[in-house]
Amino acid sequence: MNNDPNNHTPVAPVGNANWEREVLEKLVFATLKEQRAHRRWGIFFKLLILLTVLFALWAYSDFTFTADTEALGRHTALIEIDGTIESEGSGSAAIVIPELNKAFSDVGSVAIVLHINSPGGSPVQAGMIVDEILRLRKGYPAKPLYVVVDEMCASGGYYIAAAADKIFVNKASIVGSIGVLMDGFGFTDIMQKAGVERRLLTAGENKGFMDPFSPLSEKHKAHAQTMLDEIHQQFIKVVRTGRGARLKETPETFSGLFWSGAKAVEMGLADGFGSVDSVARDIVKAEDIVDYTQHEGLPERVLKKFGAAMGSGAMKSVFQGSRPALQ
């Protein structure tokens with residue numbers, strides 16, 4: 001023991017001889033505790049994501065549809081086409097064609113009712129649906145297909161309707177618009193006034209066709225008109241074939257005009273008045289209605305809510321440009 005009063009070397013208290021070790025142990029235990037908590041939260045969030053994905057898949061698969069799991073009795077099969085006829089949505093061929101196949105092939109379905117509320121859309125999608133309707137009607141001759149018009153059955157919507165056995169409307173429904181259009185915008189004058197120079201390089205003299213920032217040449221205009229006339233004739237052929245002798249043609253029939261449901265019946269564009277319920281009850285004689293429509297699932301609703309559909313549409317319009325439409 002050093003008793004020199006001039007020696008100032010600090011001496012640790014006897015009770016705290018292991019203070020460094022205690023501090024290190026506390027730090028280690030705190031670190032381990034934090035790591036365990038972090039790991040538990042990680043497991044929690046992974047399980048939450050997994051449950052969300054499983055719930056989304058469950059909602060998307062639409063387990064409420066019973067036609068595949070239960071034997072359905074005698075019924076009227078219903079398919080809804082609501083909105084624009086396009087490559088996405090309830091009016092796309094990829095959606096409607098499987099619905100038609102399920103409805104026709106079900107042994108309990110007596111007839112199929114297409115409930116249409118559409119302003120028109122893609123002639124390609126409408127054409128594919130029509131081709132499938134004609135094929136199925138030939139394969140199942142005992143099962144008629146009826147169309148019931150809601151607010152509107154115009155252009156591409158009527159293109160599909162014309163392939164049905166009969167068309168029923170409300171007296172105030174909008175029917176017709178048998179025509180084709182290709183629309184766009186031209187900004188050349190504005191660009192000149194603003195002093196903006198358009199620099200467009202192409203490989204192929206017609207690759208800039210319908211570019212909104214370049215003048216529309218007479219050659220391109222004539223080519224577009226020829227293509228529209230060709231598609232219009234395809235539309236007219238479908239209507240004439242489908243309606244047959246019932247159609248009372250006038251110079252305005254295929255002009256692109258549309259009419260009320262009452263006038264459409266007079267012109268032979270429709271067969272009478274009716275709703276889904278009245279057609280099932282009075283025409284089909286099978287009041288039980290089974291909906292074969294593939295309704296939108298949770299993933300689609302979530303994507304649309306956050307604007308994914310809008311973004312996709314915007315990108316399409318940028319990269320695809322103008323195209324013919326039955327509208």
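Structural data are supplied above this passage.
Residues numbered from 1 in each chain as written. Predicted model: local features only at pLDDT ≥ 70, side-chain atom pairs only at ≥ 80, totals over all residues. Heavy atoms only, no water.

Trainee: Can you walk me through helix α6 (residues 218-243) in this structure?
Mentor: A turn of α-helix holds 3.6 residues, and therefore any two residues three or four places apart point the same way. The terminal C-alpha atoms of α6, which comprises 26 residues, lie 37 Å apart, in line with the 38 Å expected from a rise of 1.5 Å per residue. Of all the positions in α6, only H220, A224, L228, I231, H232, F235, I236, V238, V239 and R243 are classed as buried. Where α6 ends, the next residue or the one after it, G244, has phi of about 60°, a positive value. (Helix = DSSP H or I, 4+ residues; strand = E, 2+ residues; numbered from the N terminus. Expected span 1.5 Å × (residues − 1). Buried < 20%, exposed > 50% of the residue type's maximum accessible area, 1.4 Å probe, protein only.)

Trainee: How do you make sense of a nonpolar patch on the surface when you look at a structure like this?
Mentor: There is a patch of nonpolar side chains on the surface, built from I43, L47, L50, L51 and L54 and spanning about 490 Å² of accessible area. Structurally, L54 is set in helix α1 (residues 19-61). (Patch = residues over 30% accessible without salt bridge, like charges linked within 9 Å, V, L, I, M, F, W, Y side chains within 5 Å. Areas by Shrake-Rupley, 256 points an atom, 1.4 Å probe, with all protein chains shown as cover. Salt bridge = Lys/Arg side-chain N within 4 Å of Asp/Glu carboxyl O.)

Trainee: What is the right way to look at unusual backbone geometry in this model?
Mentor: Among all residues except glycine, the phi angle is most often negative; among peptide bonds, the trans geometry is most common. With a phi angle near 55°, S177 is a residue other than glycine that sits in the positive phi range. Summarising the element assignment, S177 is placed in the loop between β5 (174-176) and α5 (188-194). Relative accessible area serves as the criterion here: at 8%, S177 is assigned to the buried category. Within the chain, K285 stands out as a residue other than glycine whose phi angle is a positive 65°. Summarising the element assignment, K285 is placed in the loop between α8 (276-284) and β8 (289-291).

Trainee: So what exactly am I meant to see when it comes to the side chain of T293 here?
Mentor: When you line up the elements, T293 lands in the loop between β8 and α9 (298-305). Of note is the side chain of T293, whose polar atom sits 2.8 Å from the backbone nitrogen of E80. Filtering out sequence-adjacent residues up to four positions away, T293 remains in contact with L78, I79, E80 and E99. (Polar contact = N/O pair within 3.5 Å; in protein donor to acceptor, adjacent residues only side chain to side chain. Contact = heavy atoms within 4.5 Å.)

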